[in-house]
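Residues per chain, in single letters:
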Amino acid sequence: MKKYIFITTPIYYVNAKPHIGHAYTTIVCDVYARFCKMMGYNVKFSTGTDEHGKKVEQSAINNGQTPQQFADEISTLFKDLLPILNISNDDFIRTTESRHTKTVKYFWKKLLDAGYIYLGQYEGWYDIRNEAYFSENELIDGKSPLGGEVTYMTEPCYFFKLSVFRDKLLKYYEEHPDFIFPISRKNEIISFIKQGLSDLAISRTTFSWGISVPNDPKHVVYVWLDALTNYLTVNGYPENEDQNEDPYWQNVVHFVGKEIVRFHALYWVAFLMAVGIKPPKQVVSHGWWLSEGQKMSKSLGNVQDPYKYCKVFGSDALRYYMLRELSFGADGNFSKESFIKRYNSVLADSYGNLCNRVLTFIQKYCDGVISRPETLTNDDTAFYTSVLEEINLCPQLMHEYSFSKYLEKLEHSITLANQYLDIQKPWTLKVSNKNRMKAILYTCLENIYKITKLLYPVMPIASEKFIRILNIEPEFKYNQNEKLPNNITLGKIKILFPKINNDDIDVYTTV
Ligand code: MSP
């Protein structure tokens, strides 16, 4: 039976232009989505923008625009970035769309009818940047625990009876040990719950930029309840009401940054439990990027611009760098210098040069035509085995979100191929033993082909380009016994990753 998976990025706030941190979550999801497709899954993959709330309202005012105009502009930037990053999403949702308003209102009524909403009064410290209330004892040095400036506010608001979900949530985590990834984040959530869960304020009256509460339009729906519900909107709710029977909803994987695990693994799960919808399968969280060793900020002028990286190096290179450089889950440092270093040493010199070496040799000394050899030497067999030992570990590594290790295995396989060529020296056999020369080239090409197929989720463009040079129609389905066709006639050879000799490249966001 065909497996289904629904992969989601968080939806991005529209208060600032997209930077490399946003690009990261989206790239990670795309790599995983392409991998799952390769493994034969039916994949639904969504992303989008989170457009309501006080923060957006304020940014719009500061910019002399209406919130809708402002949201339209920034949302377009996020949407336009997707083809630039080569993202294969199926949907792009905006929380200002009518399909979403309908879902949120419906979902609210469901919560209300189930008896989980009541009207009360909220008093506390509000962190506008993170759109969340905190109590006095949660503040750290006068700021919210998420680092934002806070203002004391009091307002009538509707509450969600979060407190009654304490035991149910803990039981859910216990029965689904892989629900929160990595385990360190799970422990944080569990200890947060154990400190005591208060009911959650889920409406606001101090601003109007949001979805109005059904039957009480003075209130707008809390931006996180609004935003989290996007996942149901994308999955066709409420028309497709019985999500528990929907094949994609059985296997929802939310990829999120570490700072928003709580919203997905706790609030979202409780909301869903309240209306009787099955919680997601997994919340997978990643760490944060610093830029050149510091937090990215406009004032420091160190906001790394994904558009510029793609323009100069191509989207494959950005995707490769981000997945390889950061050990998934941990924080990492994005720097132009290390980017260029990895690009040149791995993509240009190691992989690109290997492909180019073998292809031009076949073109030049075999008229571009090569066939499977009848016999293999022990060295050939040993080479096949050593590459297989590496690449057979790749699917499991991807399932564990060990993206960097996945690429490490492929890099090591490329090194093995380069070593094989250096030892076998086919160029010395041009006259003396052409058959053996061809056997070496075919053996090398077949292994590059296998490696390249596994590079596909991360570097789809280069992968497809290479396979087209072999005159093969690219089809990306995982096959442990992948083989190159017996007879290959090369097409036009193209350089996959030209070397970068100039590091005087502007990569920072200008506005
Ligand atoms: N709108 C909410 C999410 C609602 S989902 C129902 C939000 N938006 S955000 O724009 O602030 O962040 C979106 C994603 O970008 C998060 O996963 C966040 O971790 C990621 N990143 C933003 N800056 C980042 C870095 N510097 N590094 C890595 N990722 C970071 O939260």
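Everything numeric here is computed off the predicted structure, so don't read it as measured data.

Describing the nonpolar core
- The biggest cluster of nonpolar side chains holds 110 residues, and the ones touching the most others in it are I7, F255, L318, L445, F466 and L470.
- In terms of residues, this core owes the most to one element, helix α12 (residues 336–365), which gives 13 residues.
- Shared between two domains, this core takes at least three residues from each, and those domains are domain 1 (3–286) and domain 2 (339–489).
- When residues no more than four places from it in sequence are discounted, the contact partners of F466 are Y351, C355, L359, L445, I448, Y449, T452 and L496.

Description of the site of the ligand
- In the neighbourhood of the ligand, 24 residues make up the surrounding shell, with I11, D50, G257, E259 and W289 lying closest.
- In the model, an oxygen atom of the ligand is placed 3.2 Å from a nitrogen or oxygen of the Y13 main chain.
- In the environment of the ligand, an oxygen atom lies 2.8 Å from a nitrogen or oxygen atom belonging to the backbone of G257.
- Residue classes in the shell around the ligand are distributed as 13 nonpolar, nine polar and two charged.

Some remarks on the domain arrangement of the chain
- For the chain, the domain assignment lists domain 1 (3–286) and domain 2 (339–489).
- Summarising the inter-unit geometry, the C-alpha centres of domain 1 and domain 2 are found 43 Å apart.
- Taken together, the contacts link 15 residues of domain 1 with 17 residues of domain 2.
- Summed over both sides, the interface of domain 1 with domain 2 buries roughly 1500 Å², with 71% coming from carbon and sulfur.
- Across the domain 1-domain 2 interface, the total number found is zero salt bridges.
- In this assembly, domain 1 and domain 2 are joined by three residue pairs in polar contact (both at pLDDT 80 or more).
- Looking at the side of domain 1 that touches domain 2, the elements that each hand over two or more residues are α1 (20–38), β13 (252–257) and β14 (282–286).
- Residue classes in the side of domain 1 that touches domain 2 are distributed as eleven nonpolar, two polar and two charged.

With respect to a negative patch on the surface
- Where like charges cluster on the molecular surface, the negative patch consists of E292, E337, D503 and D504.
- Within the element layout of this structure, D504 appears in the segment after β18 (487–489).

Section: helix α2 (residues 54–62)
- Residues of α2 that are buried: K54, K55, V56, E57, S59 and A60.
- Of the surrounding elements, those touching the buried residues of α2 are β2 (12–13), α3 (67–85) and β5 (117–127).
- Immediately downstream of α2, the backbone of G64 shows phi near 70°, a positive value.

Some details on the sheet that holds strand β6 (residues 132–134)
- Pairing within the open sheet is antiparallel, and its four strands lie in the order β6-β5-β7-β9. Unpaired on one side and paired on the other, β6 and β9 (200–201) mark the two borders of the sheet.
- Where strand β7 (residues 150–160) and β9 come together, two bridges link them in antiparallel fashion. Residue pairing across strands places F160 opposite L200, the latter belonging to β9.
- Along the sheet, helix α9 (residues 261–275) makes contact with β6, β7 and β9, crossing β7 at roughly 25°.

Quick notes on the packing of aromatic side chains
- What the rule picks out here adds up to 45 aromatic pairs.
- Arranged with centres 5.1 Å apart and planes meeting at 65°, the rings of F181 and Y401 form a pair that is edge-to-face. Within this pair, whereas F181 is found in strand β8 (residues 180–181), its partner Y401 is found in the loop between α14 (394–399) and α15 (403–424), the two being separated by 220 residues in sequence.
- Accessibility expressed as a relative area gives 5% for Y401, which makes it buried.
- Ring centres of W289 and Y321 lie 6.2 Å apart, and the angle between their planes is 25°; on these two criteria the pair is classed as stacked. Of this pair, W289 sits in strand β15 (residues 289–291) while Y321 is found in helix α11 (residues 315–325), placing the two residues 32 residues apart along the sequence.
- Following the ring pairs from residue to residue traces out a cluster consisting of Y24, W289, Y309, F313, Y321, F334, F339, Y343 and F497.
- The ring of F6 has K44 lying over it, and the distance from NZ or CZ to the ring centre is 5.7 Å.
- Lying over the aromatic face of Y13, K55 brings its terminal NZ or CZ to 3.6 Å of the ring centre.

Each value, and the rule that gives it
- Residues numbered from 1 in each chain as written.
- Predicted model: local features only at pLDDT ≥ 70, side-chain atom pairs only at ≥ 80, totals over all residues.
- Heavy atoms only, no water.
- Core = buried A, V, L, I, M, F, W, Y, C linked by side-chain atoms within 4.5 Å.
- Buried < 20%, exposed > 50% of the residue type's maximum accessible area, 1.4 Å probe, protein only.
- Helix = DSSP H or I, 4+ residues; strand = E, 2+ residues; numbered from the N terminus.
- Domains from an automatic or database assignment.
- Contact = heavy atoms within 4.5 Å.
- Near = heavy atom within 4 Å.
- Polar contact = N/O pair within 3.5 Å; in protein donor to acceptor, adjacent residues only side chain to side chain.
- Nonpolar A, V, L, I, M, F, W, Y, C, P; charged D, E, K, R; others polar.
- Buried area = accessible area lost by both parts, 1.4 Å probe.
- Salt bridge = Lys/Arg side-chain N within 4 Å of Asp/Glu carboxyl O.
- Patch = residues over 30% accessible without salt bridge, like charges linked within 9 Å, V, L, I, M, F, W, Y side chains within 5 Å.
- Areas by Shrake-Rupley, 256 points an atom, 1.4 Å probe, with all protein chains shown as cover.
- Lys, Arg positive; Asp, Glu negative; His and termini not counted.
- Charge placed at Lys NZ, Arg CZ, Asp CG, Glu CD.
- Pairing = 2+ DSSP bridges.
- Axes fitted to C-alpha atoms, helices over the stretch in contact; angles between N-to-C directions.
- Phe/Tyr/Trp six-rings, centres within 6.5 Å; stacked < 30°, edge-to-face > 60°.
- Lys NZ or Arg CZ within 6 Å of the ring centre and 35° of its normal.

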